Amino acid sequence: MAVRSDEISEILKKRIAQFEAPIVEADEGIITSVSDGIVRIYGLQGAMAGELLRFPETPSGETVMGLALDLREDGVGAVVLGEYQHLQEGDTVRTTGRIAEVPVGDALVGRIVDSLGQVRDGKGALKTDKTLPVERVAPGVMFRQRVDTPLQTGIKAIDAMIPIGRGQRELIIGDRQTGKTAIALDAIINQKGTGVICIYVAIGQRASNVARVAATLEQHGAMEHTIIVAATAAEPAAMQYLAPYTGCAIGEYFMQQGKHALVVYDDLSKHADAYRQISLLLRRPPSREAYPGDVFYLHSRLLERAARMADKEGGGSLTALPVIETKANDVAAFIPTNVISITDGQIFLETDLFNAGMRPAINVGISVSRVGGDAQTKAMKQVAGQLRLDMAQYRELAAFSQFAADLDKRTRESLDRGQRMTEILKQPQYRPMPFAKQVMVIYAGTHGFLDAVAIDKVKEWELGFTRFMDHEHKDIEETITKDRKIEDATATALDAAIAEFNKGFAG
């Protein structure tokens, strides 16, 4: 039986009318060159800056994404976030319509992820469907409130003289191997039980270092409130470039929920180096020290996202502790000066102090917090004011005493007091001290109770004193913790307790 043409026509019309398929808006482009993870693409006229691009899959079937960073009239320059050896000239690239984003949420707490939010700890997939873009505009002035709530690090020298507040950006700067990471980890460990979620961003570090950090935090029970974002030295420069923005986006999620977060960028020197590598491969004009002209904006748009939000915006906060590594204590180099000008103060670590046994090796003369006493409890203000004066006097007289053969009694007393306070400020690694204990120890030093203790016995005195207060006068510590200030009655009781301990101390 013959099939009529009008029947075929009707069938085709019905099929076409019934056909349904999702409309996908995507530009397509063609790879013109591949080199060192940088891909040049012809086409993609609709690509956005920072948009995710989809590249051909690897031979094993893994999805490969890229980031559009260089938009030009004749094409797009992109960095590949992953393997690129299989990509060839002529391969097709498509836009996704999505700016780079990462998974966020409570499911990330206790996990190790990479710059794209993919798990790297072998503990199974993340159970979250929430995402946030890695690049966001910092909150405006009207959405913020002043920084006046302390973020205790547990380190006496910092909490007393260089206080950090929730929502602040405090730079940790110094040469390599001076204890920068140790300070950041102490601050993370000290947030246990405070409700502060911590994000540690490792940029360009050895994988063994990241594993050591994770083991240290696990050992001290800090991984329960910590997320690690790892972009190791073995990963492409693009992943190292993205890592701090990923960590910031994860922290911003908690800030938006009205919670408090602390993010450590370790370190931004390597971040700037990764961006320089990407920029030079993209053939952007180099500036000072071969960094691109927008390297200041690279860090300012990251650190400005740290804030303490106004109560009507939820009252959450994101505190940033960026780390910068200097060479030969040169704080006047390009990247250090850039970040110093962006942050709210800096903690400066010196190699000479470190080698002399001062741990943490903080130079309290150069270090500063621009938030200052606003981020301190009244109790710490009461004891820290005298400590600053004692240390300032000691530094001045110590330099002078090198040239003076004979010193008067008052000068000698100031030097002795300064030496003892220097000993008090020494602290073992990964042993943050509770706020009330810090107050009691510094109170004893600034009020002359240590003047009769031999300098080499000061640490022994401190250890014995804190144990004595725990067993015999726990109520004083509890009162200081509760009141956040030292009342006259508390001061009298503390004086009596210190005097009682000194009678039995064989120092």
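Refer to the structure presented above.
Small disclaimer: the values here were computed from a predicted structure and weren't measured. (Residues numbered from 1 in each chain as written. Predicted model: local features only at pLDDT ≥ 70, side-chain atom pairs only at ≥ 80, totals over all residues. Heavy atoms only, no water.)

Colleague: An account of the pattern of salt bridges is needed here, citing residue identities and associated values.
Modeller: Scanning the model with the defined rule gives 30 salt bridges in all. One salt bridge in this structure joins Lys 259 and Asp 106, with 3.5 Å as the shortest N-O distance. Of the two residues, Lys 259 is situated in the loop between helix 5 (237-256) and strand 13 (260-266) and Asp 106 in the loop between strand 7 (101-103) and strand 8 (112-113); the sequence distance between them amounts to 153 residues. For Lys 259, a relative accessible area of 32% translates into the label partly exposed. Between Lys 459 and Glu 462 there is a salt bridge whose closest N-O contact spans 2.7 Å. Remark: Glu 462 and Lys 459 occur in helix 13 (residues 458-472); sequence separation between them is three residues, near one turn of the helix. Accessibility expressed as a relative area gives 29% for Lys 459, which makes it partly exposed. (Salt bridge = Lys/Arg side-chain N within 4 Å of Asp/Glu carboxyl O. Helix = DSSP H or I, 4+ residues; strand = E, 2+ residues; numbered from the N terminus. Buried < 20%, exposed > 50% of the residue type's maximum accessible area, 1.4 Å probe, protein only.)

Colleague: How would you explain unusual backbone geometry if you had to name every residue and give the values?
Modeller: Of the consecutive residues Asp 266 and Asp 267, the connecting peptide bond is found in the cis state with omega at -5 degrees. By the element assignment, Asp 267 lies in the loop between strand 13 and helix 6 (268-281). For the bond running from Arg 359 to Pro 360, omega is -5 degrees, close enough to zero to count as cis. Considering the arrangement of structural elements, one finds Pro 360 in the loop between helix 9 (351-355) and strand 17 (368-369). Here the phi dihedral of Gln 177 falls at roughly 60 degrees; this positive angle occurs in a residue that is not glycine. If you trace the backbone, Gln 177 turns up in the loop between strand 10 (171-174) and helix 3 (180-189). Judged by relative accessible area, Gln 177 falls into the exposed class, the value being 59%. The backbone of Glu 289 shows a phi angle near 55 degrees, a positive value even though the residue is not glycine. Of the residues examined, Glu 289 reaches a relative accessible area of 43% and is grouped as partly exposed.

Colleague: Explain the sheet that holds strand 6 (residues 92-99) to me, using residue names and the numbers behind them.
Modeller: Strand order in this closed barrel of six strands is 1-2-5-4-3-6, and the pairing throughout is antiparallel. With direction set aside, neighbouring strand axes in the sheet form an average angle of 45 degrees. Pairing geometry for strand 1 (residues 28-35) and strand 6, over three bridges, is antiparallel. Bridging from a neighbouring strand, Gly 29 pairs with Val 93 of strand 6. (Pairing = 2+ DSSP bridges. Axes fitted to C-alpha atoms, helices over the stretch in contact; angles between N-to-C directions.)

Colleague: Give a description of the pairing of strand 2 (residues 38-43) that names residues and reports values.
Modeller: The buried count for strand 2 comes to five of six residues, which makes it a mostly enclosed element. For strand 1 and strand 2, the ladder comprises six bridges, and the chain directions are antiparallel. Bridging from a neighbouring strand, Gly 29 pairs with Gly 43 of strand 2. Here strand 1 folds back onto strand 2, and the loop between the two strands holds two residues, one of which, Asp 36, carries a positive phi near 55 degrees. In this structure, strand 2 lies alongside strand 5 (residues 75-81), joined through four bridges in antiparallel fashion. When the sheet's bridge partners are listed, Ile 38 is paired in strand 5 with Val 79.

Colleague: Help me get a handle on helix 12 (residues 435-446), residues and values and all.
Modeller: Here helix 12 spans 16 Å end to end across twelve residues, near enough to the 16 Å set by a 1.5 Å rise per residue. For helix 12, the tally of buried residues reaches twelve of twelve residues, placing the bulk of the element in the interior. Within helix 12, burial applies to Phe 435, Ala 436, Lys 437, Gln 438, Val 439, Met 440, Val 441, Ile 442, Tyr 443, Ala 444, Gly 445 and Thr 446. In the core, the buried residues of helix 12 are packed alongside helix 2 (156-161), helix 10 (378-401), helix 11 (409-425), helix 13, helix 14 (474-483) and helix 15 (488-504). Following helix 12 by one or two positions, Gly 448 adopts a phi angle in the positive range, close to 85 degrees. (Expected span 1.5 Å × (residues − 1). Contact = heavy atoms within 4.5 Å.)

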